[in-house]
Amino acid sequence: MNIYNTLSKKVEKLIPIEEGKIKMYTCGPTVYNYVHIGNLRTYIFEDILQKGLEYIGYDVKRVMNITDVGHLTSDADYGEDKMAKGAEREGKTVYEIADFYTKAFFEDMKKLNIKKPEIIEKASEHIDMYIKMIEKMLQDEYAYISNGNVYFDVTKAKNYYELSGRNPEEMKVAVRDDVEEDKNKRNPGDFVLWFTLSKFQNQAMKWDSPWGVGYPGWHIECSGLACLYLGDRLDIHCGGVDNIFPHHTNEIAQSEAYVGHKWCNYWCHGEFLNDKQGKMSKSKGGILTINRLTEEGYDPLVYRYFCLGSHYRKPLVFTYESLDIAKNSYQKLLQKISRLTEEGEIAQKEIEKYQEKFKQSIEDDLNTSMMLTTLYEVINDKNLNDKTKKELVKNFDKVLSLDLLIEKSIKIDKDKLEYINQKIKERNEAKKNKDYILADKIRDELLKENIKLKDTREGTTFELI
Ligand code: AMP
Ligand code: ZN
């Protein structure tokens, strides 16, 4: 398997720590709002990565966190607490907000056929681990206490700039102009490991610590959960490109300070989903959710298909026009597959040939569009019988997860089915009354909605085109 590693800025051969096994960590969402389809692009990429690795024979152990504490609007140490902001917006407690949006996230994952990682843990439930790590960092002088807070001293970290490729000079002005410099820091780039609350600050989630009542910084949660559940060495760590700095940079610094050696071998980042204004982001508002797309008549898997059409390392611009193109080709693909019969004997040699091709597209830095091309080649191969084709479709769908073999009629939601049946009834009525103009009008209107009617001896049926 070849995969791009942000650490080396090169496509590298994947060499696991333990043969046949991959330990993978993925940053989860901050649950103060619905995840948007941009976030979901990253989770689709990570899902395909896991399934691709499994397809080529690895046993993958994957961990994901749910951020319910410590994430400030700046992604650094200033700005508002995202969770508190969400709670205030909805007049609920932080715990209620976290619970509600975590469930909503799981539902979105299910709709998009994203497999739940083996271990998903809430950041707020592992405070002891963070305290243990911070104590060690203080003891080894990677960290220091200043005015009650605990900070990480970035000058102590080896290769602090390796992942982001930034230079130290840039980092000196890392603190934005419009933000008052935190005078408690030894270096402007230092970051908070533990925020100690002054008695005037109001924070719903807070815990006792050796440094006073407070809460952990955002980055320590991922280091803590990864070390707790995957041990002191990781194969792969993923996220979106916005996580490279500061989040992943700081994760490396504190984790390596804690474990005392190189921590993670491969860093894989998915590019953004952009809209016309640029990066889609929760804090900017105007976000698109999967529920919204469903209300607008898109099967969530159309969005998955849309994402698979482009490489995870390329920015993807979302427009309804391009989503419609994806919708059309996805529907046509399903239709072609639904016409496959059970005829023929399975041609083992052909199965192996195509599986090898599919495997190569996975091994080529997760080339999802090549995976789709191989799928189309199978379906269009005139020398292949239907049974063999179906077998391959089923096999590829283990990675693609596009419900390729699920009957169309099941995939149409109940309301839409009722609507189509009602239209068919009206058209039959019109035909009975010899009102052919009305009958044709109904047929044409449905056609505009990609619903094609077919008159058969048994009655009128339909297919989605
Ligand atoms: P957050 O909830 O902000 O921590 O984001 C959850 C995940 O979504 C992170 O891995 C981010 O890198 C990723 N992400 C955020 N915005 C986008 C976007 N517009 N396109 C793709 N991924 C994104
Ligand atoms: Zn993280």
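Residues numbered from 1 in each chain as written. Chains lettered and ligands numbered in written order. Predicted model: local features only at pLDDT ≥ 70, side-chain atom pairs only at ≥ 80, totals over all residues. Heavy atoms only, no water.

1. What about the coordination of the zinc ion (ligand 2)?
For step 1, the next point in the chain: All of the protein donors around the zinc ion (ligand 2) are C27 (SG), C222 (SG), H247 (NE2) and E251 (OE); their distances to the metal are 2.0 to 2.7 Å.
For step 2, the next point in the chain: Around the zinc ion (ligand 2), the four donor atoms sit at angles spanning 74 to 131°, and that spread fits a shape best called irregular.
For step 3, the next point in the chain: Between the donor residues of the zinc ion (ligand 2), the gaps in sequence give the motif C-x194-C-x24-H-x3-E. Taken together, the positions of C222 in helix 6 (residues 218-230) and H247 in helix 7 (residues 244-259) put the pair 25 residues apart, joining distant regions of the chain.
For step 4, the next point in the chain: The exposure class assigned to C222 is buried, which follows from its relative accessible area of 0%. (Donors = N, O, S within 2.8 Å, 3.2 Å for Na, K, Ca; no water. Tetrahedral: all angles 85-135°; square planar, octahedral: opposite > 155°, others 65-115°. Helix = DSSP H or I, 4+ residues; strand = E, 2+ residues; numbered from the N terminus. Buried < 20%, exposed > 50% of the residue type's maximum accessible area, 1.4 Å probe, protein only.)

2. Comments concerning the environment of I437
For step 1, the next point in the chain: Following the sequence through the fold, I437 ends up in helix 16 (residues 436-448).
For step 2, the next point in the chain: A residue is classified by how much of its surface remains accessible, and I437, at 72% relative accessible area, is exposed.

3. Observations concerning the environment of V11
For step 1, the next point in the chain: Residue placement: V11 occurs in strand 2 (residues 10-13).
For step 2, the next point in the chain: Counting along the chain gives 353 residues from V11 to D364, while the straight-line C-alpha distance between them is 9.1 Å.
For step 3, the next point in the chain: With residues up to four places along the chain from it excluded, the contact list for V11 reads N2, I3, Y4, R313 and D365. (Contact = heavy atoms within 4.5 Å.)

4. Remarks on unusual backbone geometry
Note on backbone geometry: most residues besides glycine have negative phi, and most peptide bonds are trans.
For step 1, the next point in the chain: Here F245 and P246 are connected by a cis peptide whose omega angle stands at 0°.
For step 2, the next point in the chain: Turning to its location among the elements, P246 is positioned in helix 7.
For step 3, the next point in the chain: Residues other than glycine seldom take positive phi values, yet E141 does so here, at roughly 65°.
For step 4, the next point in the chain: Of note, E141 is situated in the loop between helix 4 (127-139) and strand 6 (143-146).

5. Here's the deal with helix 7
For step 1, the next point in the chain: Counting buried positions along helix 7 gives 15 out of 16 residues, so the element sits mostly inside the fold.
For step 2, the next point in the chain: Phi for G260, located one or two positions after helix 7, is positive at around 85°.

6. Quick notes on the sheet that holds strand 9 (residues 214-216)
For step 1, the next point in the chain: Read across the open sheet, the four strands follow the order 6-7-8-9; overall the sheet is antiparallel. Both outer strands of the open sheet, strand 6 and strand 9, are each paired with one neighbouring strand and no more. On average, each strand axis in the sheet is tilted by 25° relative to the strand beside it, whichever way the strands run.
For step 2, the next point in the chain: Of the pairings in the sheet, the one linking strand 7 (residues 149-152) to strand 8 (residues 191-196) comprises three bridges and is antiparallel in character. Bridge pairing in strand 8 links Y151 to V192. (Pairing = 2+ DSSP bridges. Axes fitted to C-alpha atoms, helices over the stretch in contact; angles between N-to-C directions.)

7. Some points on the side chain of T102
For step 1, the next point in the chain: Here T102 is to be found in helix 3 (residues 94-111).
For step 2, the next point in the chain: In this structure T102 comes out as buried when scored by relative accessible area, which is 9%.
For step 3, the next point in the chain: If near-sequence neighbours (up to four positions away) are discounted, T102 is found in contact with V31 and I66.

8. Topic: the domain arrangement of the chain
For step 1, the next point in the chain: Along its sequence, the chain is carved into domain 1 (16-270), domain 2 (278-400) and domain 3 (414-464).
For step 2, the next point in the chain: On a C-alpha basis, the centres of domain 1 and domain 2 stand 32 Å from each other.
For step 3, the next point in the chain: Taken together, the 29 residues of domain 1 in the interface contact 38 residues of domain 2.
For step 4, the next point in the chain: When domain 1 packs against domain 2, the two sides together hide about 2,800 Å² of surface, and 66% of this comes from carbon and sulfur.
For step 5, the next point in the chain: Of all residues in domain 1, I37, R41 and Y55 bury the most surface against domain 2, accounting for 30% of the area lost on that side.
For step 6, the next point in the chain: In this structure, the connection of domain 1 to domain 2 is made through one salt bridge. (Domains from an automatic or database assignment. Buried area = accessible area lost by both parts, 1.4 Å probe. Salt bridge = Lys/Arg side-chain N within 4 Å of Asp/Glu carboxyl O.)

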